[in-house]
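Coordinate analysis (summary)
What follows is each chain in one-letter form.
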Amino acid sequence: MPAPARKRRHALSAGLVTLATAAAVSLGAAAPASAADTWTETGSDRADPLTESQGLTSVEVPANSPNRYTGIGTIPVGVSSRGWNHVGDPDASYNGYYIEPYQRDSGNSKMYRVQAPGGAWSEYTHTLAPGEAMNNSWSAISPDGQWMLSGEWGTMNRLLVFPTPGINPATSPSADLKLASNVTLDHPVRDVQGCDFSGPTTLLCSSDDPEGTLFGMTKPLLQIDLSAAPNGTSNVSGHVTALRQLPLRSSCSGSFEAEGIDYDRRSGILRVIVVSPGFCVITDSKTYKFARS
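To start, this report covers the structure provided alongside it. (Residues numbered from 1 in each chain as written. Predicted model: local features only at pLDDT ≥ 70, side-chain atom pairs only at ≥ 80, totals over all residues. Heavy atoms only, no water.)

1. What about the packing of aromatic side chains?
Put simply, the rule is: Side-chain rings of Phe, Tyr and Trp, where Trp is taken by its six-membered ring, are said to pair if the distance between their centres is within 6.5 Å; with planes under 30 degrees apart they count as stacked, over 60 as edge-to-face, and otherwise as tilted. The helix and strand labels rest on DSSP assignments: H or I over at least four residues marks a helix, E over at least two residues marks a strand, and numbering proceeds from the N terminus. Here the term buried applies to any residue with accessible area under 20% of the maximum for its type, exposed to any over 50%, and partly exposed to those in between, with areas from a 1.4 Å probe on protein chains only.
Taken as a whole and assessed by the stated rule, the structure comprises 3 aromatic pairs. When the ring of Trp39 is compared with that of Tyr263, the centres are 6.0 Å apart and the planes differ by 80 degrees; the resulting orientation is edge-to-face. Taken together, the residues Trp39 in strand E2 (residues 39-46) and Tyr263 in strand E18 (residues 257-264) connect sequence positions 224 residues apart. Each member of the pair, Trp39 as well as Tyr263, is classed as buried. Ring centres 6.1 Å apart and planes at 80 degrees place the aromatic pair Tyr98 and Trp121 in the edge-to-face group. With Tyr98 in strand E7 (residues 98-103) and Trp121 in strand E9 (residues 121-127), this pair connects stretches of sequence that are 23 residues apart.

2. A look at the nonpolar core
The condition that has to hold: What makes a nonpolar core is a set of buried Ala, Val, Leu, Ile, Met, Phe, Trp, Tyr and Cys residues whose side-chain atoms join them at distances within 4.5 Å. Every residue pair with non-hydrogen atoms within 4.5 Å of one another is taken to be in contact.
Within the largest apolar cluster, 23 residues are counted, with the highest numbers of intra-cluster contacts made by Leu149, Leu159, Val183, Leu203 and Ile224. For this core, the secondary structure elements donating two or more residues are strand E11 (147-150), strand E12 (155-163), strand E13 (181-190), strand E14 (192-199), strand E15 (202-207), strand E16 (220-226) and strand E17 (236-245). Not counting residues up to four positions away in its chain, the partners in contact with Leu149 are Trp138, Ser139, Ala140, Leu159, Leu160, Val161, Val183, Phe197, Leu203 and Pro230. Grouped together as the second largest cluster of nonpolar side chains are 14 residues, Leu204, Ile261, Leu270 and Val274 included.

Coordinates in, geometry out; function isn't part of it.
As structure tokens, this is what we get:
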């Protein structure tokens, strides 16, 4: 596994062991498909470092379902014992399929664990395409349910598009989950930890970028406007806008980690997990809430 992936997981583990806005910045030549949104912080909840530190998603089916979270403590023993020791930011389709992305420290594959509306689980494995990084930080299901976007760690100019495992009829747990196409970005992004669709052709993404050289800020909230809805047969382009820096507040000083993201279309609430540095990983890591303004 690439060193950055090990580093990000081990940084959180080390914290546990030790009892551990800016104006919108739009870069790129292409005109945005829609105006950039403004997101205002409206509140926060404590994020448990074991079970709520990697990702989150709102669930529409069954009705009145609670939000779901991922963390090292949510990985089933039967999954981790086979080497799948990192779970990323999950997503749920509007018709009740729930998908968790997994990676491991070696090998040439990624895994997506799918729960159907009836409760049954299945696993879909993707063999890496040439040049593809093995990190598997997040999944984002298109509003029509047929396509799933995913990303790679590091500085990237693309997002990956797959047929949605468990929903798209072209997928089967017994067959390799093939890469279908890409979203070609007009500006590079770094260390994206989660994305979620806020509309048919709009993504909101959390970036753990520690450098701040791409958009003039570290840990940005990104908006990606697609030239068309993903269809899996051809690449689409994506216009990247940095909307604001994510909140970085803690009683401890050090390196924060931006994690998963969720947009709930029913309430219009956007939520993003930010893990605190050092000892404060267990005391004041937060899931921040935002409203469009």
